[in-house]
Amino acid sequence: MSPRYLLQFDEPAGYLDFARFGPPSHAVLDTTASLLHEATTAGPATVDNLMLQEIRARAAVSRLSGSDTDHVVLLPHTSLGLFQAAFGFGGEVLVSAAEFPANTYPWARAEQDGRLVVRRLAGGYVTPERVAAGLTDEITTVSVSAVDFRTGYRADLAALRDVVGDRLLVVDGIQGFGVTEEPWQVADILVVGGQKWLRAGWGTGFAVLSDRALERMDPVLSGWTGARDPGLFNDEIRPPDTTAAAWSLTNLSPITSGAFAAALELVEEAGPGAIAARIGERIGEFSDVLAGVGAQIVSAVDRRAGILAFTLPGHPAEQVGLALTSAGIAATVRPEHVRLSPHASTPPASAELLRSALETLHRPRKPLPAPAATAATPDVLTALVPAVPGLAAMLGPGNEVLLHDLSRLPDSIIAIAGDLTGRSIGGPMTDLLLSLIRRGTTQDLTNYRTHSPDGRPIRSSTLFLHDPDGSAIGCLCVNSLDTAASADGNGEPEIFPADIDSLQRFLVDRAVGKVGIPVDLMKKRHKAAVVRELDEAGFFLIKDAVDDLAGRLDVTRYTIYNYLNEVRA
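What counts, and where the lines are drawn
Residues numbered from 1 in each chain as written. Predicted model: local features only at pLDDT ≥ 70, side-chain atom pairs only at ≥ 80, totals over all residues. Heavy atoms only, no water. Pairing = 2+ DSSP bridges. Helix = DSSP H or I, 4+ residues; strand = E, 2+ residues; numbered from the N terminus. Axes fitted to C-alpha atoms, helices over the stretch in contact; angles between N-to-C directions. Contact = heavy atoms within 4.5 Å. Buried < 20%, exposed > 50% of the residue type's maximum accessible area, 1.4 Å probe, protein only. Salt bridge = Lys/Arg side-chain N within 4 Å of Asp/Glu carboxyl O. Parallel < 35°, antiparallel > 145°, perpendicular 65-115°, else oblique. Left-handed = near helix turned anticlockwise from the far one by under 90°. Nonpolar A, V, L, I, M, F, W, Y, C, P; charged D, E, K, R; others polar.

S.K.: Give me the lowdown on the sheet that holds strand β1 (residues 72–74), citing residues and values where you can.
M.R.: Read from one edge to the other, the open sheet built from seven strands follows the order β1-β7-β6-β5-β4-β2-β3, with strand pairing classed as mixed. Whereas interior strands pair on both sides, the edge strands pair on one side only; in this sheet they are β1 and β3 (117–121). Pairs of neighbouring strands in the sheet enclose a mean axial angle of 20°, with direction left out of account. As paired elements, strand β4 (residues 139–145) and strand β5 (residues 168–172) share five bridges and run parallel to each other. Its bridge partner being in β5, Ser143 is matched across the sheet by Val170. Strand contacts of helix α3 (residues 46–65): β1, β6 (189–193) and β7 (205–209), with the helix running at about 130° to β1, the strand carrying the most contacts. Along the sheet face, helix α5 (residues 105–112) touches β2 (92–96), β3, β4 and β5 and points at about 145° away from the line of β3.

S.K.: Before we move on, can you summarise the sheet that holds strand β9 (residues 308–311) with the specific residues and values?
M.R.: In space, the four strands of this open sheet follow the order β8-β9-β11-β10, with antiparallel pairing throughout. Of all the strands in the sheet, the pair left with one neighbour each is β8 (296–297) and β10 (332–333). Pairing of β9 with strand β11 (residues 338–340) involves three bridges; the strand directions are antiparallel. Residue pairing for β11: Phe310 is matched across the bridge by Val338. Against the sheet, helix α10 (residues 272–292) engages β8, β9 and β11, with an angle of about 5° to β9. Together, β9, β10 and β11 form the strand contacts of helix α11 (residues 317–326), whose direction differs from that of β11 by roughly 40°.

S.K.: Got a sec to walk through the environment of Ala300? Specific residues and values, please.
M.R.: For Ala300, the position within the fold is in the loop between β8 and β9. When its relative accessible area of 2% is taken as the criterion, Ala300 is described as buried. In the structure, Ala300 is positioned 154 residues away from Asp454 in sequence and 56 Å away in space, judged by C-alpha atoms. Residues in contact with Ala300, not counting those within four places in the same chain, are Tyr125, Thr151, Gly152 and Tyr153.

S.K.: Explain the pattern of salt bridges to me, and be specific about the residues and the numbers.
M.R.: Using the criterion set out here, one finds 23 salt bridges in the structure. Its salt-bridge partner being Arg212, residue Asp166 comes within 3.1 Å of it at the nearest N-O pair. Remark: Arg212 occurs in helix α8 (residues 211–216) and Asp166 occurs in the loop between α7 (157–164) and β5; sequence separation between them is 46 residues. For Arg212, a relative accessible area of 24% translates into the label partly exposed. In this structure, the salt-bridge partner of Arg552 is Asp509, at a minimum N-O distance of 2.5 Å. Of the two residues, Arg552 is situated in helix α18 (residues 545–553) and Asp509 in helix α16 (residues 500–515); the sequence distance between them amounts to 43 residues. Owing to a relative accessible area of 33%, Arg552 belongs among the partly exposed residues under this scheme. According to the relative accessible area criterion, Asp509 is partly exposed, its value standing at 43%.

S.K.: Break down the packing of α16 against helix α17 (residues 524–536) for me, citing the residues and quoting the values.
M.R.: In the contact formed by α16 and α17, the axes pass within 9 Å of each other and the chain directions differ by 130°. With respect to α17, the element α16 is oriented oblique. The crossing of α16 and α17 is right-handed. Residues Leu507, Val508, Ala511, Val512, Lys514 and Val515 of α16 pack against His526, Ala529, Val530, Glu533 and Leu534 of α17. A breakdown of the residues in the contact of α16 with α17 according to their chemical character gives eight nonpolar, one polar and two charged.

In short, geometric facts, not functional conclusions.
Next comes the structure, spelled out in structure tokens:
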């Protein structure tokens, strides 16, 4: 791997989310700054010179894809290219139901418009055999992702070309172009966005069209820059160009085009093969780490690209995601698994960082099975259980003592004496303690003021208990009536929920109240703000919290996970 290529990037070792977004290079940053400066100091030839950046980017695309500039058009994102394809051709299209939505919505919308008929391939890897079984004489187009976004499975494009025959083969290459070696020339329409593995930033992308696609295309989404002789202004509507330029709607930002060109040229310099090999090394190291902690790899193994998806038995994906986030690791957390996606610039140290993060979850943490300490409770907590009633008796009336086992979070109370807060064994911790655990703050809190559920002023202290390695395993809490204080509302805000449902309702109501918009009037940004507030409060450490919140916000659980990915990015 070229040292110059590796020196272009500065992302931290824990950034393992390139299948979602690839931090751009210094070359992209410098090119953007340089072109912006040129635009700022504009002169007679500035605009014409800047527009040359599009030619530079198209030339780089043609070299990497094995085509030529007449067959290449720049686009601001993958979705536009797929919409162009969906609305530019008729007949029937075969597309997997499990594709990323960018490769299903265009075909569905074109079908709604009466332009074509969609035939869905059932979920699973899109193999030549499955495609062959799904083909009919009426199908004119087959659309597939070069790399599956969930599993990293690399489609066999050459074999698919043979199976598809004279039909059009549309390939969404965003998860593979530039980082896998593929016969891209077999695609009739290759569409790629540059914000992920190409590391060019948002607003970059391209499509490459074959002669077959150009001959059969009806480019209804074609603007003035896609017409023949676009510089001729004679008040006439001219037909679309005969080249890939027919898909152009208007001029793109020449600054973005220049940045895209710089990113593509870096890939050329390093070589897709060398980049793929380096990514493969990291994937192999991560696979060894996952095997060592008992994780199960659920992504492709034989034909895989740079995506590694896994589950950790006994731990829901959101819990694994929290452990990774706490360790400074960026990954994509989905309901069914956690997805890692390293790049060539990911250092070997990332594997050890991953190992350390996952080992914090290696010990099973189960909900409290009975209203008492069990053999699974650490020895120090087991020893303290019988001391709780004695300590409360020693302190006298108006006091409450309780013991939390943090491995049973949030139903963490394993011993309690006194009824100052109305809780019982098997009940949850307070909102304050839950937020401290979420932030990893385990410093003792002593003699702070709060209020009991009935409004009486109390003073509270929380002492964290640690194992020999220094990890917090429990806490001993003492609540005492503060007879010298008045019930004036002063003190640390804290609630003492009797059960998990009460805790969840309080946290959600508080988060919605902070946003200040009724749920039925909320936009996406408002709901994302609620998720951010709840994440910071430790809400998602509660079992089934995602489903509960999805119902409260009237969205799907997948939407909640998307919000979580956004707020944790």
